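Each chain is listed here by its residues.
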Amino acid sequence: MPAKTPRTSKSPVRLWRWRRNALRRHSDVVEAWIVLGIWLLVAVGAAVAGLVAARTVDSDFAARRARAHPVAAVVTDVTPAAPPATASGRDDGRARVTVRWTDADGSVHRATARLLPGAPVGTRLTVWTDDADRVVPQPLGRTEAALQADLTGILVGPLAAGAIWAGGRLLRAALVRRRLTEWDEEWKRVGPEWRNLSGGRG
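Residue numbering note: each chain is counted from 1, following its sequence as written. Whole-chain, interface and lining totals are the exception, using all residues; otherwise, since this is a predicted model, local features are given only for residues with pLDDT of at least 70 and side-chain atom pairs are given and counted only at 80 or more. Each side-chain value is derived from all of the structure's non-hydrogen atoms; neither hydrogens nor water enter the calculation.

### Examining the confidence of the model for the chain
This prediction gives the chain a mean pLDDT of 76; 71% of its residues lie at or above 70. Confidence of the predictor in every single residue is expressed as pLDDT, which spans 0 to 100. Helix numbering and strand numbering both begin at the N terminus, where a helix is a DSSP run of H or I of at least 4 residues and a strand a DSSP run of E of at least 2. The secondary-structure element of the chain with the lowest mean pLDDT is strand β3 (residues 108-115), recorded at 78, while helix α1 (residues 26-67) shows the highest, at 85.

Below, the structure is given as structure tokens:
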């Protein structure tokens, strides 16, 4: 009969920091919980931060769209644009124009806007105004706003994860320094006894 192969018992894999043994210290357990908490915060916190940032940006764009209203206006005056090559680099080549429009109640309004050159006096165009009848930039559409919000969330998520991870590393470093200090204090107490037991060779 063939010899029976001895059965080997496999012990379940356990994390050594939680396993009961003589070398485990309280600081080991604390560090293990810190590592676990860091990973959970990195996974959950990054997703939450990205989602909150995306929703905040999308809400801001939605509020801008709600405050802006398109009106049909006509150009009444044009101020030529300054030369594009300025020392500060702030001039975008747009011309300053005066536009006029009439509200639904018949009120006439005038305001100054900056447009790309090529809109002579008498040009009819659409400008965006707020509730105070001030000309404001055209707000982003829903699709463009959603894209900007998604990109913001994608950017904020990894940044939040990196910040959480860095904070956890600093916390672990402080714990390691405390552990080394405890080891030094304990060795000062146990060292002389160990050297006596080892005949002065320890």
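### Thoughts on the pattern of salt bridges
Whenever a carboxyl oxygen of Asp or Glu lies within 4 Å of a side-chain nitrogen of Lys or Arg, that contact is scored as a salt bridge. Evaluation of the coordinates by the stated rule reveals 2 salt bridges. Close ionic contact of R64 with D60 constitutes a salt bridge, the shortest N to O distance being 3.2 Å. Taken together, the residues span about one helical turn, with R64 and D60 both in helix α1 at a distance of 4 residues. Exposure categories follow from relative accessible area, calculated using a 1.4 Å probe and restricted to protein chains: below 20% of the type maximum is buried, above 50% is exposed, and the middle band is partly exposed. Among the residues examined, D60 registers a relative accessible area of 35% and is labelled partly exposed. When the shortest N-O distance is used, the salt bridge between D130 and R134 registers 3.0 Å. By relative accessible area, D130 is classed as buried at 12%. Residue R134 is classed as exposed on the basis of its relative accessible area of 53%.

### Some thoughts on the side chain of T129
Residue placement: T129 occurs in strand β4 (residues 124-129). The exposure class assigned to T129 is buried, which follows from its relative accessible area of 3%.

### Observations regarding the pairing of strand β2 (residues 95-102)
Burial of β2 is one-sided: the residues A95, V97, V99 and W101 facing one way are buried, the residues R96, T98, R100 and T102 facing the other way are not. Bridge count between strand β1 (residues 69-79) and β2: 5 bridges; the pairing is antiparallel. Note that in β2 the partner of V75 across the bridge is V99. For two strands to count as paired, DSSP must find a minimum of two bridges between them.

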